[in-house]
Amino acid sequence: MAVPAATRSGGIHAPPWLGIYLNDHLVAATAAVGLARRMTRRHRRSAYGGELARLTAELIQDRRSLLWCMASLDVPVRRGKLRASRAAERTARLTPGSRPRRRTGVNTLVGLEALRVGVEGKALLWRSLLAVAVHDTRLQTGRLAELLERAGQQLTTLDSLHSRAASALIAAEGPA
C-alpha cells in the first residue's frame, strides 16, 4: 500500500476518491437544505412547521460541518458540480409547460421521503469519516460521533412527520 504524500500542513493528502465522495455528499446536502427550506416555508403554519424549521436549521449546520471536514482534509469544493446540481433541481421542479408543480399532500410525503433518504446517506457519510479519522487526525472523532447521533434523531423526526402526513393524506381522501 502506498504511503500518502505529506501536505504543507504536515497532514496527509486525501486520496482522490475521498474528494469525489465528499463533493458528492456536498451536492446532496445542498439539495437537502434547499428542499427542507421549501418545505419549511410551505408548512410554516401547519402542524409540521416547528419540526421542519428545526430540522432545516440542523441540516444547514450539518452541511457546514461537512464543509469544515472538507477544509480540514484539504479537499476542494467543486463549485461546478454544485451549480450543475442546483440547475438540475430547479429544472426538475418544472412541468413540461414550464409552470411550477402544484403542491399536494403527496408532494409532502415524497419530500419527507427524499429528506429521509438524504439523512440516511449523511449518517453513512459520518460513519465513513469516522473510519477515515482513525488514520487521519485532522478529523475530530467526537464531533463526527455527535453528527452521527444527530442524524439518528433526524431520522426519528422524519419518520414521525411522514407517519402523520400519510395519515392526514389518507384521512383527507376518505375510504376507498
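Residues numbered from 1 in each chain as written. Predicted model: local features only at pLDDT ≥ 70, side-chain atom pairs only at ≥ 80, totals over all residues. Heavy atoms only, no water.

1. A look at the overall build of the protein
So, step 1. Tallying secondary structure elements over the protein gives five helices and zero strands in all.
So, step 2. Along its sequence from the N terminus, the protein presents helices and strands in the succession α-α-α-α-α.
So, step 3. Relative to its 176 residues, the protein shows a buried fraction of 37%.
So, step 4. Taking the intrachain contacts of the protein between residues at least 6 apart in sequence as the baseline, contacts between residues at least 24 apart amount to 75%.
So, step 5. Carbon and sulfur atoms make up 59% of the accessible area of the protein, which amounts to about 10500 Å² in all. (Helix = DSSP H or I, 4+ residues; strand = E, 2+ residues; numbered from the N terminus. Buried < 20%, exposed > 50% of the residue type's maximum accessible area, 1.4 Å probe, protein only. Contact = heavy atoms within 4.5 Å. Areas by Shrake-Rupley, 256 points an atom, 1.4 Å probe, with all protein chains shown as cover.)

2. Re the packing of helix 1 (residues 16–42) against helix 4 (residues 105–133)
So, step 1. Packing of helix 1 against helix 4 brings their axes to within 10 Å, and their N-to-C directions diverge by 150°. In terms of axis orientation, helix 1 runs roughly antiparallel to helix 4. The interaxial crossing formed by helix 1 with helix 4 has left-handed handedness. Of helix 4, the residues touching helix 1 (which contributes Trp-17, Leu-18, Tyr-21, Leu-22, His-25, Ala-32, Leu-35, Ala-36 and Met-39) are Thr-108, Gly-111, Leu-112, Ala-114, Leu-115, Gly-121, Leu-124, Leu-125, Ser-128, Leu-129 and Val-132.
So, step 2. Along the lines of polarity and charge, the residues of the contact of helix 1 with helix 4 split into 15 nonpolar, five polar and no charged. (Axes fitted to C-alpha atoms, helices over the stretch in contact; angles between N-to-C directions. Parallel < 35°, antiparallel > 145°, perpendicular 65-115°, else oblique. Left-handed = near helix turned anticlockwise from the far one by under 90°. Nonpolar A, V, L, I, M, F, W, Y, C, P; charged D, E, K, R; others polar.)

3. Re the environment of Leu-35
So, step 1. Mapped onto the elements, Leu-35 comes out in helix 1.
So, step 2. Each C-alpha atom, one on Leu-35 and one on Ala-114, is 8.7 Å from the other, the two residues being 79 residues apart in sequence.

4. Overview of the confidence of the model for the protein
So, step 1. Averaged over every residue, the pLDDT of the protein is 85; residues scoring 70 or more account for 80%.
So, step 2. Here helix 3 (residues 79–92) stands out as the element of the protein with the lowest mean pLDDT, 67, in contrast to helix 2 (residues 49–72), whose mean of 97 is the highest.
So, step 3. Here residues 1–10 is modelled with pLDDT under 50, and outside its nearest four sequence neighbours on either side it reaches twelve contacts, counting other chains as well. (pLDDT = per-residue confidence, 0-100.)

5. Digging into the nonpolar core
So, step 1. Of all hydrophobic cores here, the largest spans 39 residues; its most connected members are Leu-22, Leu-115, Trp-126, Leu-129, Leu-139 and Leu-144.
So, step 2. Secondary-structure elements contributing two or more residues to this core are helix 1, helix 2, helix 4 and helix 5 (141–173).
So, step 3. Take this core: its biggest share by element is ten residues, from helix 4.
So, step 4. Discounting chain neighbours no more than four positions away, the residues touching Leu-139 are Cys-69, Leu-73, Leu-129, Val-132, Ala-133 and Leu-144. (Core = buried A, V, L, I, M, F, W, Y, C linked by side-chain atoms within 4.5 Å.)

6. Here we look at the environment of His-43
So, step 1. Within the fold, His-43 resides in the loop between helix 1 and helix 2.
So, step 2. Along the sequence, His-43 and Ala-53 sit ten residues apart, while their C-alpha atoms lie 9.2 Å from each other.
So, step 3. Those residues in contact with His-43 that lie beyond four places of it in its chain are Tyr-48, Gly-49, Leu-52 and Thr-108.

7. Some details on the packing of helix 2 against helix 4
So, step 1. Two numbers describe how helix 2 lies on helix 4: the axes approach to 12 Å, and their chain directions differ by 35°. Where helix 2 crosses over helix 4, the handedness of that crossing is left-handed. Residues Leu-52, Leu-55, Leu-59, Asp-62, Ser-65, Leu-66 and Cys-69 of helix 2 form the contact with helix 4, whose participating residues are Leu-112, Leu-115, Val-119, Lys-122, Leu-125, Trp-126 and Leu-129.
So, step 2. Its residues placed into classes, the contact of helix 2 with helix 4 shows eleven nonpolar, one polar and two charged.

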